[in-house]
Amino acid sequence: DLLPRMTLEEKFWQLFMIPGDLSDGKEKYKHGIFGFQVATKGKSGSGAEQLLDYSGGGTATETAELINTIQKYFVEETRLGIPIIAFDEALHGLVRDGATAFPQSIGLAATWDTLLMGEVAHAIAMETKTRGIRQILSPVLNIARDVRWGRTEETYGEDPFLTTQMALSFITPFEQLGIVTTPKHFIANVGDGGRDSYPIHFNERLMEEIYFPAFKACFQKANAWSVMTSYNSLDGRQCTANDWLLNQKLKQEWGFDGFVISDAGATGGANVLY
């Protein structure tokens, strides 16, 4: 119903999510927008750096009220009335003042306790939902097999089975509460020498045995509704524009019918690291 009625500008803005709010002028967003990481603190940097700097600030009530006000504008005052999705980071706790900071992911995985992980995830999900936030850019399902990689602590470790079980326990409480989870980074963004997001050249067997299982299980068993692509290329094809990875594997073979987002500016970053 919507697509035939949408202008080119409206289609563009539904493919666009940024840190911010309406403080820089409602008219800027008259065509709508897909989502906001609602700004509550200083604005500096760009891309992923800017996303991090925006988080936090304000009580839970203040955040919820601000998001409700923003949502009211998009539903009632834009031409098509498409609501936004308010999103944030929640790797081991929602990145907001007053929210609980749990042990980092690698520490949670070290417990080998999936029931505990479920309890932690439910607590984070409640702190997320009560603030009006409806999508989290978590969890990280990358397999950490090179400790030189600077994001090892964000993962559940080196084992695909443990990673899968921890991921299912983390994602399920969020999705049951109506919060979209975004497993990331799809796929295998650890290049040679532990370099983050550098090109990878893994064969299909290695992908199926080590790097795909956790993602596949999260979509088919925990019903994760989103996925974030990685900056890197896979066998010379950018993960953000990879027909085999996103269409044939993810959507056709696995039956994923949610939505795919890029890692910040990954649609351009992939060209730099190609």
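Cut-off values and rules
Residues numbered from 1 in each chain as written. Predicted model: local features only at pLDDT ≥ 70, side-chain atom pairs only at ≥ 80, totals over all residues. Heavy atoms only, no water. Helix = DSSP H or I, 4+ residues; strand = E, 2+ residues; numbered from the N terminus. Expected span 1.5 Å × (residues − 1). Buried < 20%, exposed > 50% of the residue type's maximum accessible area, 1.4 Å probe, protein only. Contact = heavy atoms within 4.5 Å. Polar contact = N/O pair within 3.5 Å; in protein donor to acceptor, adjacent residues only side chain to side chain. Salt bridge = Lys/Arg side-chain N within 4 Å of Asp/Glu carboxyl O. Core = buried A, V, L, I, M, F, W, Y, C linked by side-chain atoms within 4.5 Å. pLDDT = per-residue confidence, 0-100.

Visitor: Let's hear about helix H5 (residues 114-129): which residues, and what values?
Guide: In a regular helix each residue adds 1.5 Å, so 16 residues correspond to 22 Å; H5 covers 22 Å between its end C-alpha atoms and thus fits that length. If you check which residues of H5 are buried, you get Met-117, Gly-118, Val-120, Ala-121, Ile-124, Ala-125, Glu-127 and Thr-128. For H5, the secondary structure elements touched by its buried residues are helix H4 (105-109), strand E4 (135-136) and helix H6 (160-176). At the N-terminal boundary of H5, the capping side chain belongs to Asp-113, with an oxygen 3.2 Å from the backbone nitrogen of Leu-115.

Visitor: Outline unusual backbone geometry, listing residues and values.
Guide: In this structure, Pro-139 follows Ser-138 across a cis peptide bond, with omega equal to 5°. Here Pro-139 is to be found in the loop between E4 and H6. The omega torsion across Lys-184 and His-185 is 0°, close enough to zero to call that bond cis. Of note, Ala-188 is a non-glycine position whose phi angle comes to about 50°, a positive value. Among the secondary structure elements, Ala-188 is positioned in the loop between strand E5 (180-181) and helix H7 (204-211). The exposure class of Ala-188 is buried, given its relative accessible area of 3%. The phi angle at Asn-223 is positive, at roughly 60°, despite the residue not being glycine. Considering the arrangement of structural elements, one finds Asn-223 in the loop between helix H8 (213-220) and strand E6 (226-229). On the basis of relative accessibility, which here comes to 46%, the residue Asn-223 falls in the partly exposed class.

Visitor: Describe the pattern of salt bridges, and please don't skip the residues or the numbers.
Guide: Inspection of every chain in the model, using the stated rule, returns 13 salt bridges. Note that Lys-28 and Asp-24 form a salt bridge whose closest N and O atoms lie 3.3 Å from each other. Asp-24 sits in the partly exposed class, given a relative accessible area of 41%. With a closest N to O distance of 3.1 Å, Lys-72 and Glu-76 form a salt bridge. Taken as a pair, Lys-72 and Glu-76 lie in helix H3 (residues 60-77) at a separation of 4 residues, close to a single helical turn. On the basis of relative accessible area, Lys-72 is assigned to the partly exposed category, the value being 48%. For Glu-76, a relative accessible area of 54% translates into the label exposed. When salt bridges with common partners are traced through the structure, they connect Glu-204, Glu-208, Lys-249 and Glu-253 into a single cluster.

Visitor: Outline the nonpolar core, listing residues and values.
Guide: Core analysis: the largest hydrophobic core is formed by 61 residues, its most contacted members being Phe-36, Phe-74, Phe-170, Phe-186, Ile-187 and Leu-245. Going through the elements one at a time, strand E2 (35-38), H3, H4, H5, H6, H7, H8 and helix H9 (243-253) are the ones with two or more residues in this core. It is H6 that contributes the most residues to this core, 7 residues altogether. Discounting residues that sit within four places of it in the chain, Leu-245 has contacts with Phe-186, Ile-187, Phe-212, Leu-234, Cys-239 and Leu-250.

Visitor: Report on H9, specifying residues and quantitative values.
Guide: Listed in full, the buried residues belonging to H9 are Trp-244, Leu-245, Leu-246, Lys-249 and Leu-250. Here H9 starts with a cap whose side-chain oxygen sits 3.2 Å from the backbone nitrogen of Trp-244, and that cap is Asn-242. Once H9 finishes, Gly-255 follows within two positions and takes phi at roughly 75°, a positive value.

Visitor: Please provide a residue-by-residue account of the confidence of the model for the protein, values included.
Guide: Across the protein, the average pLDDT comes to 91, with 91% of residues at 70 or higher. Here residues 42-46 scores under 50 on pLDDT; set against residues more than four positions off or in separate chains, the count is 8 contacts. For residues 48-56, every residue scores under 50 in pLDDT, and the model assigns this stretch 30 contacts once sequence neighbours within four places are set aside.

Visitor: Tell me what's going on with the environment of Gly-81, and back it up with residues and numbers.
Guide: You can see Gly-81 is positioned in the loop between H3 and strand E3 (85-88). Residues Gly-81 and His-31, spaced 50 residues apart in sequence, show a C-alpha to C-alpha distance of 9.5 Å. For Gly-81, the contacting residues outside a window of four places in its chain are Phe-74 and Val-75.

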